[in-house]
Amino acid sequence: MKNELKDKLIKLLKEVECVQFGDFTLASGKKSNYYVNIKKATTNPKILKTVAQLINIYIEEDKKNPNLKIAGVELGSVSIATAVSLETEKDLIIIRKKAKDYGTKSKIEGTLNNGDTVIMVEDVTTTGGSVIKAIQEVRENGGIVDKVFVIVDRNEGAKENLKEIGVELIALVNVEELK
């Protein structure tokens with residue numbers, strides 16, 4: 001089932017043409033001759049459903065934990081985290097990149113209790129910088145993070161950088177599979 005869903009995901013990602021070629025500057029500041037326009041994927045209900053089903057299979061054992069939460073970083077990962085939350089029936093938390101300047105001024109939306117296990121989801125990783133900041137925020141607020149699922153990994157250091165902080169990066173698809 002896992003392999004069938006992965007093949008379906010690759011097919012769907014190719015259909016929406018989420019890999020574009022040209023000259024691009026990435027969020028990490030790096031230059032690249034291709035760009036993974038993941039918003040074409042994370043706004044597509046078929047892709048979101050497939051991603052959620054695939055992650056649901058991966059975390060079958062984790063789901064037994066009653067204190068498991070699903071987290072996404074604003075804005076790109078919120079739709080993914082929401083889809084996974086719906087599929088797994090686990091609570092959703094959203095990590096803001098910066099605190100609001102009104103209301104609670106929290107960087108974390110949703111309920112995160114001390115000792116909760118949090119599975120992070122991400123749209124694309126290059127070096128992992130954005131998701132590492134989000135992991136640090138969750139950890140500073142008592143959450144435990146040891147896994148990040150990403151739809152597409154560009155294979156440019158994210159896996160290694162996350163490993164350095166004790167987090168496993170699980171890529172649903174590597175960029176080479178989309179070229």
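Heads up: the structure comes first, above all this text.
Residues numbered from 1 in each chain as written. Predicted model: local features only at pLDDT ≥ 70, side-chain atom pairs only at ≥ 80, totals over all residues. Heavy atoms only, no water.

Colleague: Which parts of the structure should I look at to understand helix α3 (residues 45-58)?
Modeller: Think of an α-helix as turning once every 3.6 residues; residues three or four places apart then point the same way. The terminal C-alpha atoms of α3, which comprises 14 residues, lie 20 Å apart, in line with the 20 Å expected from a rise of 1.5 Å per residue. Among the residues making up α3, those that are buried are Ile 47, Leu 48, Thr 50, Val 51, Ala 52, Leu 54, Ile 55 and Asn 56. Lining the buried residues of α3 we find α1 (2-15), α2 (39-42), α4 (78-88), β6 (117-125), β7 (144-153) and β8 (168-174). (Helix = DSSP H or I, 4+ residues; strand = E, 2+ residues; numbered from the N terminus. Expected span 1.5 Å × (residues − 1). Buried < 20%, exposed > 50% of the residue type's maximum accessible area, 1.4 Å probe, protein only. Contact = heavy atoms within 4.5 Å.)

Colleague: How do you make sense of unusual backbone geometry when you look at a structure like this?
Modeller: Comment: phi is negative for the bulk of residues other than glycine, and the bulk of peptide bonds are trans. A cis geometry characterises the amide bond from Glu 74 onward to Leu 75, with omega recorded as -10°. One non-glycine residue, Glu 17, lies in the positive phi region at around 50°. With respect to the helices, strands and loops of the structure, Glu 17 is situated in the loop between α1 and β1 (19-25). Phi at Glu 89 is positive, roughly 60°, even though this residue is not glycine. Within the fold, Glu 89 resides in the loop between α4 and β4 (91-95).

Colleague: What's the story with the packing of α1 against α3 in this structure? I'm lost.
Modeller: For any two helices packed against each other, one specifies the inter-axial angle together with the distance between the axes. One way to put it is that α1 packs onto α3 with a least axis distance of 10 Å and a crossing angle of 155°. With respect to α3, the axis of α1 lies roughly antiparallel. As for how α1 packs across α3, the hand of that crossing is left-handed. Packed against α1, whose contacting residues are Lys 2, Leu 5, Lys 6, Lys 8, Leu 9, Leu 12 and Leu 13, the element α3 presents Lys 46, Ile 47, Thr 50, Val 51, Gln 53, Leu 54, Ile 57 and Tyr 58 at the interface. Tallied by class, the residues present in the contact of α1 with α3 amount to 9 nonpolar, 2 polar and 4 charged. (Axes fitted to C-alpha atoms, helices over the stretch in contact; angles between N-to-C directions. Parallel < 35°, antiparallel > 145°, perpendicular 65-115°, else oblique. Left-handed = near helix turned anticlockwise from the far one by under 90°. Nonpolar A, V, L, I, M, F, W, Y, C, P; charged D, E, K, R; others polar.)

Scope: geometric values only; no functional claims are made or implied.
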